[in-house]
Amino acid sequence: MIPMKLVVSGPVGAGKTTFVQTLSETPVVSTEADASEDIGKATTTVAFDFGTLVLDGTELHLYGTPGQDRFDFMWDVLCEGALGLVLLVAGDRPQDFLHARHILEFITSRNPVPFVVGVTRQDLDDVWSPQDIASYFDLPSEQVIGLQATEPDSARQVLIHLLEAQLTPEPRLDPNSQLDPNSQLDPNSQLDKETA
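Numbers given for residues are sequential positions, taken from 1 along each chain in its written order. The predicted origin of the model limits local features to residues at a pLDDT of at least 70 and limits the giving and counting of side-chain atom pairs to 80 or more, whereas totals for whole chains, interfaces and linings rest on all residues. The basis for every side-chain value is the complete set of heavy atoms in the structure, and neither hydrogens nor water enter the calculation.

> Is there a simple way to think about the pattern of salt bridges in this case?
Between side chains of opposite charge, a pair can form when the charged atoms approach closely. Just to be clear on terms, a salt bridge is a Lys or Arg side-chain nitrogen sitting within 4 Å of an Asp or Glu carboxyl oxygen. Counting across every chain of the model gives five salt bridges. Across the pair Arg93 and Asp96 runs a salt bridge whose closest N-O atoms are separated by 2.5 Å. The exposure class assigned to Arg93 is partly exposed, which follows from its relative accessible area of 26%. Asp96 sits in the buried class, given a relative accessible area of 14%. Arg101 is the partner of Asp138 in a salt bridge, and the nearest nitrogen-oxygen pair spans 3.3 Å. Taken together, the residues Asp138 in the loop between α4 (130–137) and β8 (144–146) and Arg101 in helix α3 (residues 97–110) connect sequence positions 37 residues apart. Throughout, exposure labels follow a simple rule: accessible area from a 1.4 Å probe, protein chains only, divided by the maximum for the residue type, with under 20% read as buried, over 50% as exposed, and the rest as partly exposed. With relative accessibility at 34%, the residue Asp138 sits in the partly exposed group. A run of DSSP states H or I qualifies as a helix once it reaches four residues; a run of E qualifies as a strand once it reaches two. Both are numbered from the N-terminal end.

> Sorry, what's going on with the environment of Lys16 here?
In this fold, Lys16 is placed in helix α1 (residues 16–23). Under the relative-accessibility criterion, Lys16 is labelled buried at 7%. Side-chain atoms alone can form a polar contact between residues adjacent in sequence; in general such a contact is a pair of N or O atoms within 3.5 Å, and within protein one must be able to donate a hydrogen while the other accepts it. Here the side chain of Lys16 touches Gly10 through a polar contact of 3.1 Å, landing on its backbone oxygen.

> So what exactly am I meant to see when it comes to the packing of aromatic side chains here?
Aromatic ring pairs are defined here through the distance separating the ring centres and the angle between the ring planes. Pairing of aromatic side chains requires ring centres within 6.5 Å, counting the rings of Phe and Tyr and the six-membered ring of Trp. Pairs whose planes differ by under 30 degrees are stacked, by over 60 edge-to-face, and all others tilted. Considering all chains together, one arrives at five aromatic pairs under this definition. Aromatic pair Phe50 and Tyr63: ring centres 4.9 Å apart, planes at 50°, arrangement tilted. Of this pair, Phe50 sits in strand β4 (residues 49–55) while Tyr63 sits in strand β5 (residues 58–64), placing them 13 residues apart in sequence. The exposure classification of Phe50 matches that of Tyr63, with both residues buried. What links up through ring pairs into an aromatic cluster is the set Phe97, Trp128, Tyr136 and Phe137. Two conditions define a charge located above a ring, namely a distance within 6 Å from the ring centre to NZ of Lys or CZ of Arg, and an angle within 35 degrees of the ring normal. Taking NZ or CZ as reference, Lys5 lies 5.2 Å from the ring centre of Tyr63, over its face. Here Arg110 stacks its cationic end above the ring of Phe106, 3.7 Å away from the centre of that ring.

> How do you make sense of α1 when you look at a structure like this?
Every α-helix winds through 3.6 residues per turn, so residues three or four apart in the chain are directed the same way. Taken across its eight residues, α1 has six buried, putting it largely inside the fold. Taken together, the buried positions of α1 are occupied by Lys16, Thr17, Phe19, Val20, Thr22 and Leu23.

> What exactly am I supposed to notice about the packing of α3 against α4 here?
Helix-helix packing is described using two parameters, namely the angle between the two axes and the distance between the axes. For the pair α3 and α4, the least separation of the axes is 11 Å and the interaxial angle reads 60°. Relative to α4, the element α3 is oriented oblique. Of the two elements, α3 crosses α4, and the hand of that crossing is right-handed. Residues Phe97, Leu98, Ala100, Arg101 and Leu104 of α3 lie in contact with α4, whose contacting residues are Ile133, Tyr136 and Phe137. Any residue outside Ala, Val, Leu, Ile, Met, Phe, Trp, Tyr, Cys, Pro, Asp, Glu, Lys and Arg is labelled polar, Gly included; the first ten of those are nonpolar and the last four are charged. A breakdown of the residues in the contact of α3 with α4 according to their chemical character gives seven nonpolar, no polar and one charged. Angular values range over 0 to 180 degrees, each being the angle between N-to-C directions of two axes fitted as lines to C-alpha atoms, with helices fitted over their stretch in contact. Convention used here: angles under 35 degrees read as roughly parallel, angles over 145 as roughly antiparallel, angles from 65 to 115 as roughly perpendicular, and any remaining angle as oblique. What makes a crossing left-handed is the near helix being turned counterclockwise from the far one by less than a right angle; a clockwise turn instead makes it right-handed. Contacts are assigned to residue pairs that have any heavy atoms within 4.5 Å of one another.

> What exactly am I supposed to notice about a negative patch on the surface here?
Only residues whose relative accessible area exceeds 30% and that take part in no salt bridge are eligible for patches, with like-charged residues grouped when within 9 Å of each other and nonpolar side chains (Val, Leu, Ile, Met, Phe, Trp, Tyr) grouped when within 5 Å. Each accessible area is a Shrake-Rupley result for a 1.4 Å probe, and residues are judged covered by the shown protein chains and nothing else. We score Asp and Glu as negative and Lys and Arg as positive, and we do not count His or the chain ends. Charge placement uses NZ in Lys and CZ in Arg. For Asp and Glu, CG and CD serve respectively. Taken together, the side chains of Asp123, Asp125, Glu151 and Asp153 make up a negatively charged region of the molecular surface. By the secondary structure assignment, Asp125 is in the loop between β7 (115–120) and α4. Overall, the relative accessible area of 75% leaves Asp125 in the exposed class.

Structure below.
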């Protein structure tokens, strides 16, 4: 059986490396290097993270992408031939949402693959809910799922959700809902904050 290639992408600090490490049943190949600029953490992925697992009898190859725009050429390289994409967004970092949407639009415009959006850090108090993120991204609520990247069962649910989504037509971003790149997101304007 040919392994299924799945790509995990998102902004710096969204939980991509942790997600791949949590799920992989083999030692993860990682290309972490010291950050050359202030990105909020000491190291960053500069090429990809790679792990493997078997889910419901299907062998999966997981590729985690770099989060910085200067490595966007790797987004194209890693997504070529991919059967699905998981875009991770840290739910407590609304300042990264616009960049997350840019990554999603960049990848899906070149490699139209089924995708789901995973909202990490759902254990925190002040965090956007999957419903809020679905509204922000103009996506159906069923295409956005909350998770804890450090918990195997939670991370596996995201992959199951993605694999199930491949059986139905793939939702697209609304081309008429492009965000103004000069606009600033107000972290206090989240929807239904009381449910987050």
